[in-house]
Structure formats: C-alpha cells, structure tokens
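# Topology and contacts: notes
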Amino acid sequence: MRPSRRAPDELRAVSLERGVVKYAEGSCLVKFGDTHVLVTATLEERLPPWLKGQGRGWVTAEYGMLPRATLERTRREASSGKQSGRTVEIQRLIGRSLRATLDLEALGERQITVDCDVLQADGGTRTASITGAWVALADCIAWMKARNMIKTNVLRDHVAAISCGIYNGAPVLDLDYAEDSTADTDANFVMTGDGRIIEVQGTAEKTPFSQAEFLALMALAQKGVARLVDLQKMAVA
C-alpha cells in the first residue's frame, strides 16, 4: 500500500492554473498534490551574445525553492552567493525540455525566460516545473501571436514530465516525498505529447533495477504523461 493510498498508476491531484501573475507574458500555478510551483514566462527582445545574428531565438529557465517550501527552512541560495549543483541541473533540464519541441527560428531573435519557483515541495518539483512551464510558455507565445510578433507555429508539441519509482518492490507513478525518500529506484521521464522521449533520469537508490522493471516504469510514465498532456490541452483551450 502506498502512503497516499493511491493505485500504482495513479497521479496525485494535478491542477494547472493560468494567468496567475499580472505582469508576466505567461504564467501558471501548477500543483502535483502538495507540490506547488509558480511558473512565469518573460519575453525579452535580447539574446545571449553567442546567439546574436543567427536568426533564431532561445528559451532558458531558472529554478529556485523558497525557504519554507520544505519542512525546515532552507537558506536562500542568493545569500550564499552561488547556486547548488541540484539547482543548476534542474534549470538546465527545464530549458532543454522546453527547447526540444520549439521552432527557435520561428521565435525570431528573442529570448523567453521561464522562472520556476517552488512554493511547496512534496516530491516531483522538477516534473511539476516542466509540466507547468509548458503552459506558461504556450501563453507567452499566444501573447506574441496576438500582437503579430510571430506568424507561424512556434510550439510543435506538448512537453510534460512525471516521476516513477520502485517502492516496496512495486513500480509506482508520481512519487511524493514519503515514497521518493525511501524508494529503491526513482526515475524522471520527460516526454512529448505524441509519446516521444526527451530525457530519462533513472537511479538505483538502494537496489539495482532490471530491464523489465525499467520497462514497467516506462509504461507508467507514458500513461502519466498522456494524462498530463490532456490536462495541458484543457488548460490552454
């Protein structure tokens, strides 16, 4: 039995609330159970120096966790003068995931910065961030279309992410902290709306996992991502 009493293939309650920040070109408050992330997308008419003159745009991401997003207060990274390796890894993952289905040439020589701020953490903050980031990005692009800044489709597909793991010997979907902290194996899957893989991160925390177990996790992830994409479609409809 899972601590949450969910079925092995059951997501936590998921919500995607758009337009929650007045000034951002796109925004989304995403909730995966008790994990809550505020995502904003900001359009800037500038590019990193190494991209100037190439006729294409860029999407980048920043990720952070508020001090009381967790059970005990964590120190702001700004006060220590540098980001942790975990933070850098996650924000690079978010950026890669979003760029995978973007037509950067159609975006033009502009940059969209996606900020993911974890308000409350209960496992799966990176997967919630990616799923909500796509909604905020879609709204930002819709904002640009409404102002005739772009003419063609920039977003070629949906992007969503979900965690899976081996908990008490069984594959389960969408781990919360109680499961993630004691799982034998945990993995994150980033996938497109049509089921293609963008990135897989899998780690044996205690016991190495077999190919059969990996395929079982993959099957759970495909089901979970399909449901998340349905929710994204409803959110932006």
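Scroll up for the structure.
Conventions and cut-offs
Residues numbered from 1 in each chain as written. Predicted model: local features only at pLDDT ≥ 70, side-chain atom pairs only at ≥ 80, totals over all residues. Heavy atoms only, no water. Pairing = 2+ DSSP bridges. Helix = DSSP H or I, 4+ residues; strand = E, 2+ residues; numbered from the N terminus. Axes fitted to C-alpha atoms, helices over the stretch in contact; angles between N-to-C directions. Contact = heavy atoms within 4.5 Å. Parallel < 35°, antiparallel > 145°, perpendicular 65-115°, else oblique. Left-handed = near helix turned anticlockwise from the far one by under 90°. Core = buried A, V, L, I, M, F, W, Y, C linked by side-chain atoms within 4.5 Å. Buried < 20%, exposed > 50% of the residue type's maximum accessible area, 1.4 Å probe, protein only. Salt bridge = Lys/Arg side-chain N within 4 Å of Asp/Glu carboxyl O. Disulfide = S-S within 2.5 Å. Polar contact = N/O pair within 3.5 Å; in protein donor to acceptor, adjacent residues only side chain to side chain.

### Comments concerning the sheet that holds strand 7 (residues 170-173)
As summarised here, the arrangement of the four strands in space is 7-6-8-9, forming an open sheet in which the pairing is antiparallel. Each end of this open sheet is capped by a strand with a single partner; those strands are strand 7 and strand 9 (197-204). Within this sheet the neighbouring strands show an average axis-to-axis angle of 15°, counted without direction. With eight bridges joining them, strand 6 (residues 159-167) and strand 8 (residues 185-192) adopt antiparallel strand pairing. Across the sheet, Ile166 pairs through a bridge with Thr185, a residue of strand 8.

### Here's the deal with the sheet that holds strand 2 (residues 26-32)
Whether parallel or antiparallel, the strands of a sheet pair through hydrogen bonds between backbone atoms. Pairing in this open sheet of five strands is mixed, and the strands run 1-2-3-5-4 from one edge to the other. Each end of this open sheet is capped by a strand with a single partner; those strands are strand 1 (14-18) and strand 4 (58-65). The mean inter-strand angle of the sheet, taken between neighbouring strand axes irrespective of direction, is 15°. Against the sheet, helix 2 (residues 85-99) makes contact with strand 4 and strand 5 (111-120), and its axis sits at roughly 145° relative to strand 4, the strand it touches most. Against the sheet, helix 6 (residues 211-236) contacts strand 1 and strand 2, and its axis sits at roughly 25° relative to strand 1.

### Quick notes on the packing of helix 4 (residues 125-146) against helix 6
At a minimum axis separation of 10 Å, helix 4 and helix 6 run at an interaxial angle of 30°. Between helix 4 and helix 6, the crossing angle belongs to the class labelled roughly parallel. Between helix 4 and helix 6 lies a crossing of right-handed hand. Along the contact surface, helix 4 presents Thr131, Trp134, Val135 and Ala138, while helix 6 presents Leu228, Gln232 and Val236.

### Description of the nonpolar core
Residues Ile94, Ile112 and Val114 are the most contacted members of the largest nonpolar core, which totals 62 residues. Top contributing element to this core by residue count: helix 4, with 11 residues.

### Some words on the pattern of salt bridges
Summed over the entire model, instances satisfying the criterion amount to 12 salt bridges. Between Glu179 and Arg6 there is a salt bridge, with the nearest N and O atoms lying 3.6 Å from each other. A residue pair is termed long-range when its members are at least 10 positions apart, and Glu179 in helix 5 (residues 177-180) and Arg6 in the segment before strand 1 qualify at 173 residues. Since its relative accessible area comes to 9%, Arg6 is described here as buried.

### Quick look at the state of the cysteines
The full count for this structure, using the stated rule, is zero disulfides. Sulfur of Cys116: no disulfide; nearest cysteine sulfur belongs to Cys28 and is 9.7 Å away.

### With respect to the pairing of strand 9
Remember that side chains alternate between the two faces of the sheet whenever the strand is regular. Strand direction decides the pairing type here: strand 8 and strand 9, joined by seven bridges, are antiparallel. Counted as the bridge partner of Val190 is Glu199 from strand 9. In sequence, strand 8 turns back onto strand 9 through a hairpin of four residues, with Gly195 there showing a positive phi of about 90°.

### Focus on the environment of Lys151
By the secondary structure assignment, Lys151 is in the loop between helix 4 and strand 6. By relative accessible area, which is 69% here, Lys151 ends up exposed. Along the backbone, Lys151 and Ala106 are 45 residues apart, and their C-alpha atoms lie at a distance of 7.8 Å.

### Some remarks on the environment of Glu179
Taking the relative accessible area as the measure of exposure, Glu179 reaches 0% and is therefore buried. Separated by 142 residues in the primary sequence, Glu179 and Val37 have C-alpha atoms spaced 20 Å apart. Ignoring anything within four residues of it in the chain, the contact list for Glu179 reads Arg2, Pro3, Arg6, Tyr167 and Asp174. A polar contact of 2.5 Å, which involves the side chain of Glu179, links it to the side chain of Arg2.

Function cannot be read off these values alone, since they describe shape.
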